[in-house]
Amino acid sequence: MSTKPRTFSFEFFPPKTAESIAKLRTTRQQLAQFKPEFFSVTFGAGGTTREGTLGTVLEIRNEGYAAAPHLSCIGSTRDNIRAILNEYRSHGIRHIVALRGDLPSGMGEAGEFRYANELVAFIRAEHGDHFHIEVAAYPEFHPQARSAEDDLNNFVRKVQAGANSAMTQYFFNADAYFRFVDEVQARGVDIPIVPGIMPIANFGQLCRFSDMCGAEVPRWLRLRMQAYYDDTASIRALGLDVVTELCDRLLTGGAPGLHFYTLNQAGIVSTIWQRLGL
Ligand SMILES: Cc1cc2nc3c(=O)[nH]c(=O)nc-3n(C[C@H](O)[C@H](O)[C@H](O)COP(=O)(O)OP(=O)(O)OC[C@H]3O[C@@H](n4cnc5c(N)ncnc54)[C@H](O)[C@@H]3O)c2cc1C
């Protein structure tokens, strides 16, 4: 097992209403007690949450915690991205999560960046080593990938463009993660690849979202959850068991940390954390 320090982080999306802003503050206070390495804040494709992302990051930093904004490039021009990077830098931000993003349906042109590796290369060209750059990884492969092989090579491209670390799409099959890591390491990648963890709260919503983003919800889990109908206590209990066991297996197998998709809720993540005894 690795003896390197592990990195734990929590992801939020920028809240929009006064009520959800206040709720996220409470969530943050609860999660901050676990002393994560950082909080990250998502960024809407095409810049739709530009102010909300930065505002949330600055608020987290004002509370004394480390925070990393995400930045997605699809639908943007170079000048656009340049301005956002300069803005991040002017606020002393040194850590970002660089993504391609997905164009919302009906939203115009792809813009001047086609893939995340181009964004990573652009950040390095404009800012040298100023930023620690995280990128996304897909142990079960990205839904638009032409083949598994192609997707692995495209991930390597992002690393070669200058990524420092990666966080994965969520998954429920630990073997997919370990195999992904082995395969990219065999291609020369040596950056940390931190598993992304999705707690199971609303199972129906999770299944719909998983179908879109290419994450597999195992058949046995779908069938067991369906059998509970609207028995939310049983759904929650099984979800907690499954995700806690997954985290345990990942950490025991040498994963360099965990990145939790909190959906701006502290409850389930806190329970998983406590059960893991972290
Ligand atoms: C940890 C994490 C955080 C995320 N946060 C956000 C967020 O804040 N905002 C948001 O909008 N989305 C976010 N996403 C979603 C992400 O933007 C989507 O999954 C998107 O579809 C792909 O982004 P990417 O950066 O992985 O793209 P890429 O690495 O560009 O890959 C996208 C697809 O293109 C292929 N590809 C990549 N490079 C090349 C190339 N050079 N030539 C040919 N094909 C190529 C890949 O195989 C893949 O199929 C996040 C995802 C993860 C895992």
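Analysis parameters
- Residues numbered from 1 in each chain as written.
- Predicted model: local features only at pLDDT ≥ 70, side-chain atom pairs only at ≥ 80, totals over all residues.
- Heavy atoms only, no water.
- Phe/Tyr/Trp six-rings, centres within 6.5 Å; stacked < 30°, edge-to-face > 60°.
- Lys NZ or Arg CZ within 6 Å of the ring centre and 35° of its normal.
- Near = heavy atom within 4 Å.
- Polar contact = N/O pair within 3.5 Å; in protein donor to acceptor, adjacent residues only side chain to side chain.
- Areas by Shrake-Rupley, 256 points an atom, 1.4 Å probe, with all protein chains shown as cover.
- Helix = DSSP H or I, 4+ residues; strand = E, 2+ residues; numbered from the N terminus.
- Buried < 20%, exposed > 50% of the residue type's maximum accessible area, 1.4 Å probe, protein only.
- Contact = heavy atoms within 4.5 Å.
- Disulfide = S-S within 2.5 Å.
- 1 Å grid on protein atoms, 1.4 Å probe; cavity = no way out; pocket = protein on both sides within 12 Å on 5 of 7 lines; lining within 4 Å.
- Points joined across faces, edges and corners; volume = space filled by probe spheres on them.
- Nonpolar A, V, L, I, M, F, W, Y, C, P; charged D, E, K, R; others polar.

(A) The packing of aromatic side chains, seen in detail. What the rule picks out here adds up to 15 aromatic pairs. Residues tyrosine 177 and phenylalanine 178 carry aromatic rings whose centres are separated by 5.3 Å and whose planes lie at 70° to one another, so their mutual orientation is edge-to-face. The ring of phenylalanine 113 is capped by arginine 78, whose NZ or CZ atom sits 5.2 Å from the centre of that ring.

(B) Region of the structure containing the site of the ligand. Lining the immediate environment of the ligand, one finds 25 residues, of which Phe43, Asp102, Tyr138, His142 and Asp151 sit closest. The backbone of glycine 101 places a nitrogen or oxygen atom 2.9 Å from an oxygen atom of the ligand. A distance of 2.8 Å separates an oxygen atom of the ligand from a polar backbone atom of alanine 116. In isolation the ligand exposes 970 Å². Once the protein is present, 87% of that is buried. Elements supplying a minimum of two residues to the shell around the ligand: β3 (67-72), α4 (116-127), α5 (148-160) and β6 (165-170). The greatest single-element share of the shell around the ligand, amounting to four residues, is contributed by α5.

(C) Seen up close, the environment of proline 36. Position of proline 36 relative to the elements: it lies in the loop between α1 (18-32) and β2 (38-41). Placed 31 residues apart in sequence, proline 36 and alanine 67 show a C-alpha to C-alpha distance of 10 Å.

(D) Seen up close, the side chain of serine 40. With respect to the secondary-structure elements, serine 40 resides in strand β2. Residue class for serine 40 comes out buried when judged on its relative accessible area of 0%. If sequence neighbours within four positions are ignored, serine 40 has contacts with Phe10, Glu11, Phe12, Ala68, His70, Val97 and His259.

(E) Looking closely at the state of the cysteines. Evaluated as defined, the whole model comprises zero disulfides. With no disulfide of its own, cysteine 207 lies closest to cysteine 213 among cysteine sulfurs, the gap being 11 Å. Cysteine cysteine 247 remains unbridged, with the sulfur of cysteine 213 as its closest cysteine sulfur at 17 Å.

(F) Just empty space enclosed by the protein, in detail. Under the criterion given, the structure shown has one cavity of 30 Å³ or more. Its boundaries defined by the atoms lining it, the largest cavity holds a volume of some 40 Å³. Every residue along the wall of the largest cavity is listed here: Tyr138, Glu140, Phe141, Gln169, Tyr170, Cys213, Gly214 and Ala215. Partitioning the lining of the largest cavity into residue classes produces five nonpolar, two polar and one charged.

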